[in-house]
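Listed below are the residues making up each chain.
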Amino acid sequence: NTRYRVFDHRCGLGINRLSIVDLERGDQPLENEDGTVHVVCNGEIYNHEAIAADLAQDHELRTRSDAEVIAHLYEDHGDDCVNLLDGMFAFVLFDSRKRSFLAARDPLGVKPLYYARDGQRQYFASEAKALLATGAAPEAVHSLPPGFRLSERGPEQYYYLATHKSIPDEALLRELLDHAVLKRMMADVEVGTFLSGGLDSSIVTALAHRHKPDLQAFTVGMEGTPDVEAAKQVAARLGVRHHLRTFTVDEMMEVLPEAIWHVESYNPSMVTGAVVTLMGARLAKEAGVKVVLCGEGSDEIFAGYKAVRRMSFSEQQEASWMLLTNLHKTELQRLDRMTMAVSLEARVPIMDREVVEYALNLPSEAKIVEHEGRRIEKWILRQAFEDLLPHEIIWREKMPFDQGSGGRHIIEWVNQRVSDDELSEAQERWPQANIVSKEMLYYFRIWRDDFGELGGHRVFDMFGDYPVMMEGIAQRTSESGS
């Protein structure tokens, strides 16, 4: 559902809306009572009903749309309205009285927001490629960081992650996650889950199933891979309606160029993960689902990655912080682009602000424990949900999504098509791209055909980097870990 309107000959707001809440009346742009404040919003405001209850005393709300509350909050609180929102969102608002704008992005960057300035003109979009179509210079395209708002004054940070030390409490963690899942089941359409077979998506699926007994779960992977077998086991234990689709390397290669176009990254981990996610998104879409709950974010806040497991506590804390604060350009970007490419909305309960602030600040002993000769990650998370899932799933070792599903089998195929000389030449020709492997070069060539000079000298930071993980990505194989 696409709409575009121009206000006061100064501002054009448009959106390709995926209708989730108030399907009939929620078309955007939405506005306040006298038509002086206009807003478009991508995402979901989970506390919109609570906000609307307060607003109803002084305002006339014309829809049940979660996005409408932003216009009225702005009337009452100005630019600080963003502090009152709990959700995943990127919005742009135009105030025709002040002839001013406000743009903002959610605290953790679940939803994307890019901007570019060209003289007196300011452009916004959910994808970087859209700004190239405006004629903006490729190096002028920026990503608004998570927890930031943007006005004529420039970018301003409005959200700061809490750093108080948390007390380990399995019951509290379970309650926080269950509440986060319940919030994200708010919809006037069918809600399902992505079930990879890993710990995180299995927990999300188990919690969602308790609130929705007829839940549908979706799995994609190569025949016989660890993720596929684990997902079957979880689905059987829970009794969910399970949709499974297997794929081959040839099918991955068919999807590869499209995945790079949508994900806007040439980082190897992002690309192979994107291919598998796009297949999963299509499977869910075909089943008539419009919203999926996913397990992303757990490894970043519970020290799940193998690269982090062996670090000292101070190193582990710094690495977790970096991984979390860069999620908006790694796993959250992959998830958002691949699902929205097929008009499917992905929601991430583990990225609930209360869950993140609690988990990130847990002591190391709650996350990594020496047990039966190995260092086990996500300890408190496993303990908190031990009764809900099969023993083998609860204690399954972390395996990267693209590895567990079989997606990394593409690596050997790609490496055979790039020579040592080609890699050296590319590293010399595009030093700003920081191409660290043959696999990365293969994807970069496709990326560059699509996006050219996008990002300018910041191209690696915006579209190629995966902080903390780059050393492992440079040396990865189909069998290497996270």
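Here the structure is shown first, and the text comes after it.
Residues numbered from 1 in each chain as written. Predicted model: local features only at pLDDT ≥ 70, side-chain atom pairs only at ≥ 80, totals over all residues. Heavy atoms only, no water.

**Q** Can you lay out the overall build of the protein for me, pointing to particular residues and giving the numbers?
**A** Counting its secondary structure elements, the protein contains 22 helices and 18 strands. Here the C-alpha radius of gyration of the protein, 22 Å, is about what a compact globule of 482 residues would show, namely 23 Å. Dimensions along the principal axes, computed over C-alpha positions, put the protein at roughly 65 × 55 × 45 Å. Taken over 482 residues, the protein has a buried fraction of 61%. Sequence separation of 24 or more characterises 72% of the internal contacts of the protein that already satisfy a separation of 6 or more. (Helix = DSSP H or I, 4+ residues; strand = E, 2+ residues; numbered from the N terminus. Rg over C-alpha atoms; globule rule 2.2 N^0.38 Å. Buried < 20%, exposed > 50% of the residue type's maximum accessible area, 1.4 Å probe, protein only. Contact = heavy atoms within 4.5 Å.)

**Q** Break down the packing of helix α8 (residues 268-286) against helix α20 (residues 438-451) for me, citing the residues and quoting the values.
**A** Where α8 contacts α20, the axes come no closer than 9 Å and their chain directions differ by 65 degrees. As summarised for this structure, α8 and α20 are arranged roughly perpendicular, according to the angle between their axes. Relative to α20, α8 is oriented so that their crossing is left-handed. Along its contact with α8, which presents P268, V271 and T272, the element α20 presents E439, M440 and Y443. Partitioning the contact of α8 with α20 into residue classes produces four nonpolar, one polar and one charged. (Axes fitted to C-alpha atoms, helices over the stretch in contact; angles between N-to-C directions. Parallel < 35°, antiparallel > 145°, perpendicular 65-115°, else oblique. Left-handed = near helix turned anticlockwise from the far one by under 90°. Nonpolar A, V, L, I, M, F, W, Y, C, P; charged D, E, K, R; others polar.)

**Q** Pulling in residues and values, what's your account of the sheet that holds strand β11 (residues 154-157)?
**A** Strands sit in the order β3-β4-β5-β6-β10-β11 across an open sheet of six strands; the sheet is antiparallel. Where the open sheet ends on each side, the last strands, each with one partner, are β3 (30-31) and β11. Taken strand by strand, helix α2 (residues 68-77) contacts β3, β4 (37-45), β5 (87-95) and β6 (100-105), and its axis lies near 125 degrees from that of β4. (Pairing = 2+ DSSP bridges.)

**Q** How would you summarise the pattern of salt bridges if you had to cite specific residues and measurements?
**A** Pairing is possible between side chains of opposite charge, provided their charged atoms come close. Under the definition given, this model contains 36 salt bridges. Between E190 and K212 there is a salt bridge, and its shortest N-O distance comes to 3.5 Å. You can see E190 sitting in the loop between α4 (170-183) and β12 (191-194) and its partner K212 sitting in the loop between α5 (199-211) and β13 (216-221), a full 22 residues away along the chain. Residue E190 is classed as partly exposed on the basis of its relative accessible area of 24%. The partner of E377 in a salt bridge is R309, and the shortest N-O contact between them spans 3.5 Å. A residue pair is termed long-range when its members are at least 10 positions apart, and E377 in the loop between β18 (374-376) and α15 (379-384) and R309 in helix α10 (residues 306-309) qualify at 68 residues. Linked by salt bridges that have partners in common, K111, E127, K129, E264, D336 and R337 make up one network. (Salt bridge = Lys/Arg side-chain N within 4 Å of Asp/Glu carboxyl O.)

**Q** Help me get a handle on the state of the cysteines, residues and values and all.
**A** Per the counting criterion, the structure on display carries zero disulfides. In this structure C41 is a free cysteine whose sulfur lies 11 Å from that of C81, the closest cysteine sulfur available. Not part of a disulfide, C294 finds its nearest cysteine sulfur in C41, a span of 19 Å. (Disulfide = S-S within 2.5 Å.)

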